[in-house]
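# Observations on chain architecture
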Amino acid sequence: MQRRLLLLSPIAAAMAAAGCASLSSSAGPALSPGHWDAFNRAQIESLIASLGKGSPGYNAAKRPYVVFDWDNTSVFLDIEEASLIYQLENLVFGATPAQLEVALRKNIPKKDFLPAYNNAAGQPVNIDRVVPDIVASYTWLYQNYRGLKGDQSLAVVALSPHYGAFTTKVRYLYEAIGDTFDHDTAYPWVTYLFAGMNEAQVRKLTADTVAWQLKEPVAKVKWTSPTALSGRAGVVSVSWKNGLRLQPEMQELYAAFRNAGFDVWVCSASFVDVIKEISSNPAFGYNNPPERVLAMELERDASGVIQPEFRRGYDQTQGPGKTKNIQRFLVSKYGYGPSFVAGDSEGDQNMMADFADTKKVLIVNRLRDPKTDIGKFSAMAVQNYGKADTRYLLQGRDDNTGSWVPSQLHTPLGAAQGKALK
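Basis of the calculations
- Residues numbered from 1 in each chain as written.
- Predicted model: local features only at pLDDT ≥ 70, side-chain atom pairs only at ≥ 80, totals over all residues.
- Heavy atoms only, no water.
- Helix = DSSP H or I, 4+ residues; strand = E, 2+ residues; numbered from the N terminus.
- Rg over C-alpha atoms; globule rule 2.2 N^0.38 Å.
- Buried < 20%, exposed > 50% of the residue type's maximum accessible area, 1.4 Å probe, protein only.
- Phe/Tyr/Trp six-rings, centres within 6.5 Å; stacked < 30°, edge-to-face > 60°.

A few words on the overall build of the chain. Helix and strand counts for the chain stand at 13 helices and 15 strands. A compact globule built from 422 residues should have a C-alpha radius of gyration of about 22 Å, and the chain, at 22 Å, falls within 12% of that. In terms of overall dimensions, the chain has a C-alpha envelope of 70 × 45 × 40 Å along the principal axes. Burial statistics for the chain: of 422 residues in total, 55% are counted as buried.

Looking now at the packing of aromatic side chains. Scanning the model with the defined rule gives 25 aromatic pairs in all. Residues tyrosine 117 and tyrosine 172 carry aromatic rings whose centres are separated by 6.0 Å and whose planes lie at 65° to one another, so their mutual orientation is edge-to-face. Separated by 55 residues along the polypeptide, tyrosine 117 in the loop between α3 (97-105) and α4 (127-144) and tyrosine 172 in helix α6 (residues 161-180) bring together distant segments of the chain. Each member of the pair, tyrosine 117 as well as tyrosine 172, carries the same accessibility label: buried. Taking the centre distance of 4.7 Å and the plane angle of 85° together, the rings of tryptophan 223 and tryptophan 240 count as edge-to-face. Highlighted residues: tryptophan 223 in strand β3 (residues 219-224) and tryptophan 240 in strand β4 (residues 237-242), separated in sequence by 17 residues. For tryptophan 223, a relative accessible area of 3% translates into the label buried. Feature note: the residues Phe68, Trp70, Tyr254, Phe257, Phe262, Tyr286 and Phe340 constitute an aromatic cluster, connected by ring pairs.

Dropping the structure here:
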């Protein structure tokens, strides 16, 4: 298995320049055409003009607010998934082997994963077969890598089959859990791998991840665990999309709403410290205050060290939980719902539909299942395209480049032609 080791330079200042045009605070600021669908752009400009601080009814004491999803909406691809790869390849962990085992097993049923996750010999795999392999390899790495408790460089430990087994099987486990079990089980799981770290460490990990990803090509990556260390789970493989990109149109839209007197919030199913960093760091161009993030929360000890336990009394920020968090923290604060919501997946469909105050919903087109609500909302956006009273706006994207396209069409990675609906 061929790997690149990722020893990164500081974040380039040039990253801040992309798509961060300064916008007028007057009514009806013009968004740069960029790769917007022209109708969608006009609809959002009209919304800003009608509710922003240049409008006759604007009240600074009762500011309108908007809510953006993050992954695959505000950016191309998923910052939590990208951070996991960086964390694995660079062995950025705060947990002991015993603590990591607790995190890996947290709330995961013992049933076999779906057949698609059988090993190379066609045998089923489950949590009890793969976790011992992961912990054994992590224990070796923990004892030998100088970034943990050892004295060897990353380049040296990466030559061991333990490195390939550990990194591949953790990433495989993330995929297997996500496809086999329900969202309430799967979504928090990846956040537990931050156990033993604090906020500053997670935020540095996030910044390093973005700097690395922006230099990576947009491509599909496949890892296979080494046959020399097959373990109890056997040889497994996993694939994912690489090449996270910042979204210039979204960077500008965040600024346009803020400059027009709206409060901008992010509601994400990724870990809160990850989203705080990427959404607020000036180098990344979104410039949103870190306190305006609703995201996955974990328990922390008195010193701020993250624990592998979801924060008690909190709803997960995915699916119906997004609506619950908006109601709890925003509707209770403002007295009304968001004027605008943006998202891309089934995890966003509840907050897209649940607030009567929402005038426009922007859907980043990822060809969602037509049987889901967001699939139905996408169909409504296509049917009502060009009508000023439409609630749903469908924005196209080309997954081969990570860029939006000036239409409703989505082009999957590897495809040459786009389409509006699945």
